[in-house]
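Architecture at a glance
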Amino acid sequence: MSRDITIPGAFIVLEGLDGAGTTTQCALLTDWCERQGYHTIATREPTDGPWGKQARAALKGETELSPLALAFTFMADRAHHIAHLAQQATDQTVIVSDRYLFSYLAYQQIDAAKPLSWFVETAKPLPLPDLTIYVDVSPERCVARLQMGRAHVERFERLGTLQKVYAAYQTVFTAYDGQHSTLMIDGDQPIEIVHGLIIDAVEAMLAKRASSSE
Ligand SMILES: Nc1ncnc2c1ncn2[C@@H]1O[C@H](COP(=O)(O)OP(=O)(O)O)[C@@H](O)[C@H]1O
Ligand SMILES: Cc1cn([C@H]2C[C@H](O)[C@@H](COP(=O)(O)OP(=O)(O)O)O2)c(=O)[nH]c1=O
């Protein structure tokens with residue numbers, strides 16, 4: 001099956017467990033891209049759109065969604081989001097997204113207890129990013145960070161669940177090996193060091209894109 005939508009510009013995604021630091025790193029990367037003069041779109045999933053709000057309510061336990069219903073809610077949110085991004089972006093745009101497909105493939109694989117191949121099939125119409133960076137932080141460290149920052153615990157934020165999602169992420173990166181640029185970085189380092197590693201990877205990807213379009 002061919003991918004139904006293409007995204008103009010450079011599409012960068014940060015992935016990781018809850019608490020890995022993707023919100024922090026997306027903000028720093030967005031600032032960096034803007035300072036470099038790129039037209040930058042910062043975005044995240046779940047989005048603030050109708051399905052994203054449904055998903056967030058379910059994550060907080062405010063509404064009840066079965067694992068399969070939540071999986072389709074994330075996918076509806078993503079399909080809506082990606083169509084919107086395709087309209088907003090131009091060849092010169094850099095899109096920085098906090099989570100995308102690999103979150104679905106890792107978290108829903110665990111939550112909905114279906115094989116990865118099932119999720120990969122449903123993901124086929126959607127474009128792959130130019131670069132997916134996994135911010136690698138152990139589940140134990142993530143839970144410790146989350147406990148410091150928040151009073152409430154969301155659907156996937158327990159140690160046992162994050163341990164399973166951590167292993168699932170590895171299977172996802174292996175399954176997509178060679179299909180687009182992916183990178184795993186050690187996220188258990190000071191924020192500025194992690195940011196530097198992300199910038200190195202983004203600069204290399206942007207330089208490669210620029211030279212291939214000459
Ligand atoms: N490299 C880091 N080292 C220590 N703490 C961090 C680091 N990156 C983020 N944090 C802290 O961990 C918590 C979760 O970070 P956040 O960026 O919100 O993670 P996520 O969006 O992946 O859940 C926040 O309190 C943040 O300040
Ligand atoms: C995008 C996406 C997120 N998720 C989960 C991962 C996280 O547990 C949660 C989003 O939380 P997170 O990205 O940590 O958002 P915030 O920083 O606002 O709390 O949603 C999925 O299960 N599937 C998906 O497709």
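Residues numbered from 1 in each chain as written. Chains lettered and ligands numbered in written order. Predicted model: local features only at pLDDT ≥ 70, side-chain atom pairs only at ≥ 80, totals over all residues. Heavy atoms only, no water.

An unreviewed UniProt entry lists the protein under the name Thymidylate kinase, with Phototrophicus methaneseepsis as the source organism. Taken from UniProt, the Sequence similarities (unreviewed entry) comment for the protein reads in full: "Belongs to the thymidylate kinase family." As its UniProt record puts it under Catalytic activity (unreviewed entry), the protein is described as follows: "dTMP + ATP = dTDP + ADP". (UniProt positions renumbered as here; feature names shortened; annotations may be inferred.)

The next point concerns the nonpolar core. In this structure, L29, L101, Y169 and V202 are the most contacted members of the largest nonpolar core, which totals 63 residues. When residues of this core are assigned to their parent elements, the largest contribution, seven residues, is made by helix α8 (residues 191-212). Those residues in contact with L101 that sit more than four places away from it in its chain are E15, M75, R78, A123, L126 and L128. (Core = buried A, V, L, I, M, F, W, Y, C linked by side-chain atoms within 4.5 Å. Buried < 20%, exposed > 50% of the residue type's maximum accessible area, 1.4 Å probe, protein only. Helix = DSSP H or I, 4+ residues; strand = E, 2+ residues; numbered from the N terminus. Contact = heavy atoms within 4.5 Å.)

Taken in spatial order, the five strands make up an open sheet running β2-β3-β1-β4-β5, and their pairing is parallel. Every other strand in the sheet has two partners, leaving β2 (39-44) and β5 (181-186) as the edge strands with one partner each. Strand after strand, the sheet turns through a mean of 20° between neighbouring axes, direction not considered. Of the strand pairs in this sheet, strand β1 (residues 10-15) and strand β4 (residues 131-136) are connected by four bridges, and their pairing is parallel. Bridging across to β4, E15 finds its partner in Y134. Of the strands in this sheet, β1, β2, β3 (93-98) and β4 touch helix α1 (residues 22-35), which is tilted by about 170° from β3. Each of β1, β4 and β5 is contacted by helix α7 (residues 159-175), which is oriented at about 150° to β4, the strand it contacts most. (Pairing = 2+ DSSP bridges. Axes fitted to C-alpha atoms, helices over the stretch in contact; angles between N-to-C directions.)

Next up on the list: the UniProt feature "domain: Thymidylate kinase-like" (unreviewed entry) in the protein. Per the UniProt record, "domain: Thymidylate kinase-like" (unreviewed entry) is annotated on residues 14-197. In this annotation, residues 14-197 is assigned 55% helix and 14% strand; the end-to-end C-alpha distance for the span is 12 Å.

This next bit is on the packing of aromatic side chains. Scanning the model with the defined rule gives ten aromatic pairs in all. Here the aromatic rings of F11 and Y100 are separated by 5.0 Å at their centres, their planes lie at 65°, and the arrangement is edge-to-face. On the criterion of sequence distance, the pair formed by F11 in strand β1 and Y100 in the loop between β3 and α4 (101-111) is long-range, its members being 89 residues apart. Overall, Y100 belongs to the buried group, its relative accessible area being 1%. Seen in terms of ring centroids, F102 and F173 are 4.8 Å apart; in terms of plane orientation they differ by 85°. Their pairing is edge-to-face. Here the residue F102 occupies a position in helix α4, and F173 occupies one in helix α7, the gap between them amounting to 71 residues. Cluster of aromatic residues (ring-pair linked, three or more members): F102, Y107, Y134, F156, Y169, F173 and Y176. Taking the ring centre of W118 as reference, the NZ or CZ of K114 above it sits at 5.4 Å. (Phe/Tyr/Trp six-rings, centres within 6.5 Å; stacked < 30°, edge-to-face > 60°. Lys NZ or Arg CZ within 6 Å of the ring centre and 35° of its normal.)

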